[in-house]
Amino acid sequence: MRPSSDRISALRRMAAPDLAALLGRVPALAESLDGTGPLAPASDYDLGPLVTRSDRTLTHLAVLMASPRGVTTTIGSLNRLERQLLLVAALNDGAVEREQVVGEAGNHLELDRAQSALAHLLLAHPAYEQGEWLVLRPGVLRYVPFPGIRMYDALQSLSGSDLDMLLQRLGEVDDLPYRHEDRRRLVGRLMRRRDVAQGIRDQLEPDAQRVLDVLVEHGSQRVADLGLPPFDPWDRRGGPLHEVVQRGMAGVDTAKQRAYVWLDVAYGLRERMFDDWPLSPPPVQPQPLHDPGPRTPAVLRRLQMLLELWAGEPAPGLASGGLGVRPIRAAAKGFGVTPESIGLLAHLAIDLGLLGQTEEGEWAPTPALPGFLSRPPAQQWSALVTAYRQASTFDEHEGLPTRWSGEMVWPPPMAQRRVVLDVLSTLEEGTGVDDETLVELCDWRSPEALGRHGAEQIIAALRVLDLVPSSGAVGLTAAARALWDGGVEAATLALGPVVEQIVVQADHSVIAPPGLSPRVAGQLGAIAELESDAGAQIWRITAKKVAEALADGRTRDEIVTFLTETSSVPPPGNVLVTVDDVAARHGRVRAGVVGSYLRGDDPADVAAAAAVSAAKLRVLAPTVAVSPLSREAMIKALRTRGIIAVAEDGDGALVPPRRTSGVALDDTGLPQEIDRGATPDTMTLAEELLAAEGASR
């Protein structure tokens with residue numbers, strides 16, 4: 001029976017609650033019927049069968065579930081026990097008896113529950129429906145992700161006569177199957193027998209036995225790690241590995257010089273496929289969560305500061321059109337954070353349309369930024385989290401991004417992030433777990449999908465996005481849980497009131513409440529250093545930051561007006577004097593083009609700049625110096641040493657820095673509810689599908 005016909009037959013026999021449970025277990029199936037999710041059609045590339053809102057039936061669902069991506073997505077929803085049971089059945093040509101599994105896993109009721117789960121997900125037939133306890137449905141076996149190489153696949157290129165010789169060595173001489181694929185299955189079936197596999201091993205030389213035992217117990221190995229010279233299949237001298245390969249028990253990738261034992265051989269010698277059969281998730285010991293409480297997410301301030309940085313000095317683009325690692329590292333160094341956190345924010349800003357390339361190929365904020373910043377913090381935060389959930393240009397298996405190329409990742413990593421967020425949402429409110437426990441919980445929920453490194457990198461991303469505390473136990477903060485469960489409206493209440501007022505003090509410190517508006521925080525960050533973010537924020541206004549703000553295009557009046565209007569008390573006179581002193585010195589050192597030149601009103605300023613070796617300045621006169629560097633590179637080199645030079649054109653007029661301007665972002669650009677990958681109402685959808693099927697028959 002064709003896979004799609006098999007699925008439609010099974011779906012028609014389902015009751016609405018069972019179908020709803022299936023759609024809830026594999027949310028991507030329900031999402032695709034609603035026109036969303038990783039299995040829905042996409043404009044850039046085909047992700048699966050064309051299923052849309054206006055045309056969703058059981059037939060469409062059956063076709064989707066029988067498709068390659070439908071099968072692999074369903075397999076991806078299995079927990080560790082269900083997945084291991086599926087693999088054992090698949091290795092045994094798609095069918096296995098309960099007694100065979102019990103011999104490996106022990107006699108537990110959880111095995112029957114796992115078998116029922118495979119049947120419910122239409123990966124297998126109900127128990128004994130096909131005469132055996134577990135039989136995989138058509139079209140499933142070929143998409144099972146084996147943790148190694150089966151003999152059935154390894155012998156695919158072997159000629160029929162060579163297959164016959166191999167079967168004869170295994171003792172099979174009569175009634176050989178006619179079809180090539182059936183002969184390959186027979187070889188695998190024989191090798192999975194303990195007496196056959198052990199018999200061949202006993203005939204090997206001791207050195208060959210040692211090589212085989214290492215491969216069986218430890219899996220794939222480099223030939224050099226086996227203590228052997230490079231493997232050459234045509235070497236007449238042979239060797240231990242040659243003997244194992246010639247006996248049909250292993251293979252070698254000659255290009256990578258890596259040896260593999262076939263899964264069937266390992267199964268036959270060990271009489272088991274897995275050493276451990278976990279029957280339930282690992283135990284959880286909740287830890288108190290260091291929840292910072294109601295506050296504006298710090299990620300919004302960092303995002304605004306990053307975009308303002310690149311508004312004043314756009315990040316250079318790559319020749320290929322991407323965003324390279326150098327501007328990301330430079331921004332990270334300036335903000336005192338990791339390049340990975342800046343790279344993540346850059347990706348999300350690009351996805352949200354807040355960061356784009358100029359006609360010159362540089363990266364700068366787009367006209368959508370003012371509209372984004374005018375939105376409430378909860379809505380900005382929801383947009384960032386949704387962009388992360390849907391991001392498809394980086395994969396945490398490779399680490400958080402430190403550059404942007406625009407290339408799509410396949411398969412889309414959305415499901416991996418969803419696993420971690422779903423696990424976190426099941427923890428008790430106000431509690432968390434250590435990283436190791438969370439990785440183990442994710443590994444049980446979705447084995448092989450994440451991997452330890454992938455889960456750790458997703459945790460790091462969640463810390464950057466303020467969904468979990470920046471340190472300590474990992475768990476959703478109260479605000480993150482509100483956003484996850486109730487959308488923007490609930491998150492708005494959890495974040496607390498947005499405050500526009502600060503307190504400027506005589507020691508140049510600034511006290512800001514936890515709920516400080518991202519707009520005010522971004523402007524404050526341009527003239528002050530953040531010293532503490534625990535509870536109330538403590539900033540400090542410094543001459544260096546004020547000078548940088550002036551160089552980035554702000555004026556003395558703008559800075560004073562900002563302090564006067566946002567401080568709940570009049571700004572102390574000495575703070576305003578600091579601003580005035582820096583503003584008075586502003587523009588006394590100017591840069592032009594030679595490569596570049598530097599001129600200043602005060603010879604001491606020019607001499608100080610010439611002392612910066614990275615600027616490569618040569619003094620021509622007390623107030624003039626030249627450099628082979630470009631004007632921008634020379635200004636940047638001076639700025640790293642605290643000397644703020646401003647650009648001028650050939651006529652001596654100041655070149656104004658690039659400032660962000662544009663139109664407001666349309667309401668549709670920012671979702672009111674976080675895209676948590678939630679499925680539609682599965683019961684309603686199931687009843688609709690079954691009703692449509694009944695009406696069409």
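Residues numbered from 1 in each chain as written. Predicted model: local features only at pLDDT ≥ 70, side-chain atom pairs only at ≥ 80, totals over all residues. Heavy atoms only, no water.

Participant: Looking at this model, I keep getting lost on the packing of helix H17 (residues 325-335) against helix H18 (residues 339-351). Mind explaining?
Facilitator: For any two helices packed against each other, the geometry is given by the interaxial angle and the distance between the axes. Contact pair H17 / H18: the axes reach a minimum separation of 8 Å and the direction vectors enclose 120 degrees. Taken as a pair, H17 and H18 cross one another with a handedness that is right-handed. Contacts from Ile328, Arg329, Ala331, Ala332 and Phe335 in H17 reach Pro339, Ile342 and Gly343 in H18. Of the residues assigned to the contact of H17 with H18, the class counts are six nonpolar, one polar and one charged. (Axes fitted to C-alpha atoms, helices over the stretch in contact; angles between N-to-C directions. Helix = DSSP H or I, 4+ residues; strand = E, 2+ residues; numbered from the N terminus. Left-handed = near helix turned anticlockwise from the far one by under 90°. Contact = heavy atoms within 4.5 Å. Nonpolar A, V, L, I, M, F, W, Y, C, P; charged D, E, K, R; others polar.)

Participant: How should the environment of Glu500 be read in this particular structure?
Facilitator: For Glu500, the location among the structural elements is in the loop between helix H24 (478-495) and strand E10 (503-504). Considered as a pair, Glu500 and Leu550 are 50 residues apart in the sequence and their alpha carbons are 23 Å apart. If we skip the residues at most four places from it in the chain, Glu500 touches Ser517, Arg519, Val520 and Thr566. One polar contact links Glu500 to Arg519, side chain to side chain, over a distance of 2.6 Å. (Polar contact = N/O pair within 3.5 Å; in protein donor to acceptor, adjacent residues only side chain to side chain.)

Participant: Help me understand the pairing of strand E13 (residues 537-541), please; the structure alone is not making it clear to me.
Facilitator: The side chains of a regular strand alternate, first on one face of the sheet and then on the other. Of the two faces of E13, only one is covered, namely that formed by Gln537, Trp539 and Ile541; the face formed by Ile538 and Arg540 stays uncovered. Alignment of strand E11 (residues 509-512) against E13, held across four bridges, turns out to be antiparallel. Paired with Ile511 across the strands is Ile538, a residue of E13. Bridge count between strand E12 (residues 528-532) and E13: four bridges; the pairing is antiparallel. Looking at the pairing, Leu530 lines up with Trp539 of E13. Here E12 hands over to E13 after four residues, with Gly535 in that stretch at a positive phi of 75 degrees. (Buried < 20%, exposed > 50% of the residue type's maximum accessible area, 1.4 Å probe, protein only. Pairing = 2+ DSSP bridges.)

Participant: Help me understand the confidence of the model for the protein chain, please; the structure alone is not making it clear to me.
Facilitator: Reading predicted coordinates in detail is not appropriate for stretches of low pLDDT. When the pLDDT values of the protein chain are averaged, the result is 85; 92% of them are 70 or greater. Looking at the elements of the protein chain, mean pLDDT is at its lowest for strand E14 (residues 589-591), recorded as 73, and at its highest for H18, recorded as 95. Taken together, the stretch residues 658-679 has pLDDT below 50 and engages in 73 contacts with residues farther than four places along the chain or on a different chain. (pLDDT = per-residue confidence, 0-100.)

Participant: Looking at this structure, I do not really get unusual backbone geometry. What am I missing?
Facilitator: It is generally the case that most residues other than glycine have a negative phi and that most peptide bonds are trans. Positive phi values are uncommon outside glycine, yet Gln257 reaches one of about 50 degrees. Mapping Gln257 onto the fold places it in the loop between strand E4 (250-253) and strand E5 (258-261).

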